[in-house]
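Chain by chain, the residues:
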Amino acid sequence: MPQLEIRPIETGDGVKSLSLGDEKFAPLKTFLQKHAKDYEVATLARTYVAVEPDLNSKPQIRGYITLVAGEIVTDGAAPLIETPAYAYSQYPAVKIARLAVHKDYRGSGLGRELVDLALGITKSYICPRVGCRFVVVDAKRCSIPFYDRCGFTLLDTRTNKRRSEPVMFVDLNKIPV
Ligand SMILES: CC(C)(COP(=O)(O)OP(=O)(O)OC[C@H]1O[C@@H](n2cnc3c(N)ncnc32)[C@H](O)[C@@H]1OP(=O)(O)O)[C@@H](O)C(=O)NCCC(=O)NCCS
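Residues numbered from 1 in each chain as written. Predicted model: local features only at pLDDT ≥ 70, side-chain atom pairs only at ≥ 80, totals over all residues. Heavy atoms only, no water.

Novice: So what's going on with the site of the ligand? Which residues, and what values?
Specialist: Surveying the vicinity of the ligand reveals 20 residues, the closest of which are Val101, Gly107, Gly109, Gly111 and Arg112. Here an oxygen atom of the ligand and a backbone polar atom of Val101 are 2.8 Å apart. At 3.0 Å from an oxygen atom of the ligand is found a side-chain nitrogen or oxygen belonging to Arg149. Those elements that provide at least two residues to the shell around the ligand are strand E4 (90-101), helix H2 (110-126) and helix H3 (144-149). (Near = heavy atom within 4 Å. Polar contact = N/O pair within 3.5 Å; in protein donor to acceptor, adjacent residues only side chain to side chain. Helix = DSSP H or I, 4+ residues; strand = E, 2+ residues; numbered from the N terminus.)

Right, dumping it as structure tokens:
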């Protein structure tokens with residue numbers, strides 16, 4: 001596996017060569033090709049890419065993760081924290097809005113590296129400055145085992161478990177910095 005650099009997306013990055021295999025992942029490809037750079041400029045989303053340096057052409061993106069401000073709506077679930085007593089059913093969170101790894105690069109730890117980056121950025125830079133306790137994702141059903149391995153918990157409500165993309169979350173107070 002070639003050495004990849006993980007960093008914020010840049011204008012000159014090649015967005016066309018991210019091959020995701022199954023057609024059901026096409027929206028993840030479209031987002032990278034058509035929206036990620038514009039959303040970056042407009043401060044609507046932050047996208048981090050894993051790029052393979054190419055001396056003869058643009059750096060090629062082999063995986064990416066997009067983060068936005070979000071929340072967890074518990075919708076009748078038990079409170080997500082024990083103390084202090086928290087009077088709301090919405091919890092502040094950073095949301096993984098998109099995550100994808102090139103089909104030829106899966107299974108080598110890149111997805112986990114991108115998720116760890118999201119956890120690290122949120123815990124180290126967001127939490128000390130803005131109230132935020134969780135990282136959350138609407139997990140595609142096929143990616144639930146992956147998020148499980150990355151330490152995420154499925155929000156425990158019947159409605160959530162029936163969703164096509166159930167909410168999963170990590171409590172940042174339970175992971176080391
Ligand atoms: C989900 C995805 C990002 C995972 O990326 P990846 O680079 O293959 O994952 P990693 O190699 O970092 O795997 C981390 C762990 O999860 C496990 N894992 C990954 N995908 C898995 C799967 N489909 N089923 C079970 N376990 C899985 C790995 O075995 C590894 O386990 P370990 O803790 O024993 O080492 C990638 O498969 C992908 O891009 N899928 C298509 C798009 C998608 O579903 N995105 C998620 C949107 S919510």
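Novice: Please give an account of the packing of aromatic side chains that cites residues and values.
Specialist: In total, this model carries eight aromatic pairs according to the counting rule given. Look at Phe31 and Tyr39: their rings are 5.5 Å apart centre to centre, the planes differ by 75°, and that puts the pair in the edge-to-face class. Here Phe31 falls in the buried class, since its relative accessible area comes to 5%. What makes Tyr39 partly exposed here is its relative accessible area of 32%. Note on Tyr147 and Phe152: the rings are 5.2 Å apart at their centroids and 65° apart in plane angle, and the pair reads as edge-to-face. (Phe/Tyr/Trp six-rings, centres within 6.5 Å; stacked < 30°, edge-to-face > 60°. Buried < 20%, exposed > 50% of the residue type's maximum accessible area, 1.4 Å probe, protein only.)

Novice: Break down H2 for me, citing the residues and quoting the values.
Specialist: Its 17 residues give H2 an end-to-end C-alpha distance of 23 Å, which sits within 8% of 24 Å, the value for a rise of 1.5 Å per residue. Taken together, the buried positions of H2 are Leu110, Gly111, Leu114, Val115, Ala118, Leu119, Ile121, Thr122 and Lys123. (Expected span 1.5 Å × (residues − 1).)

Novice: Help me get a handle on helix H1 (residues 26-41), residues and values and all.
Specialist: Since the α-helix packs 3.6 residues into each turn, any two residues three or four apart lie on the same face. A rise of 1.5 Å per residue sets the reference length of H1, with its 16 residues, at 22 Å; its end C-alpha atoms lie 23 Å apart and thus fit the reference within 8%. At His35, H1 shows its maximal kink, close to 55°. On the buried face of H1, the contacting elements are strand E2 (46-52), strand E3 (60-73) and E4. Two residues or fewer past H1, Thr43 is found with a positive phi of approximately 55°. (Bend = angle between axes of the 7 residues up to and from the residue. Contact = heavy atoms within 4.5 Å.)

Novice: Talk me through unusual backbone geometry; I want residue IDs and the actual numbers.
Specialist: With omega at -5°, the peptide bond leading from Thr83 into Pro84 counts as cis. Counting through the fold element by element, Pro84 comes out in the loop between E3 and E4. The phi dihedral of Thr43 is positive, around 55°, even though this residue is not glycine. Checked against the element boundaries, Thr43 lands in the loop between H1 and E2. Not every positive phi belongs to a glycine, and Asp75 is a case in point at roughly 55°. With respect to the helices, strands and loops of the structure, Asp75 is situated in the loop between E3 and E4.

Novice: Account for the sheet that holds E3, with residues named and values stated.
Specialist: Spatially, seven strands are ordered E1-E2-E3-E4-E5-E7-E6 in an open sheet, and the strand pairing comes out mixed. The sheet terminates laterally at strand E1 (5-8) and strand E6 (153-154), the two strands that pair on one side only. Here E2 runs beside E3; their pairing, made up of seven bridges, is antiparallel. Of the residues in E3, the one forming a bridge with Val49 is Tyr64. Each of E2, E3 and E4 touches H1; the most contacted strand, E3, lies at about 75° to it. Relative to the sheet, H2 contacts E1, E2, E3, E4, strand E5 (134-138) and strand E7 (167-171), its axis offset from that of E4 by approximately 150°. (Pairing = 2+ DSSP bridges. Axes fitted to C-alpha atoms, helices over the stretch in contact; angles between N-to-C directions.)

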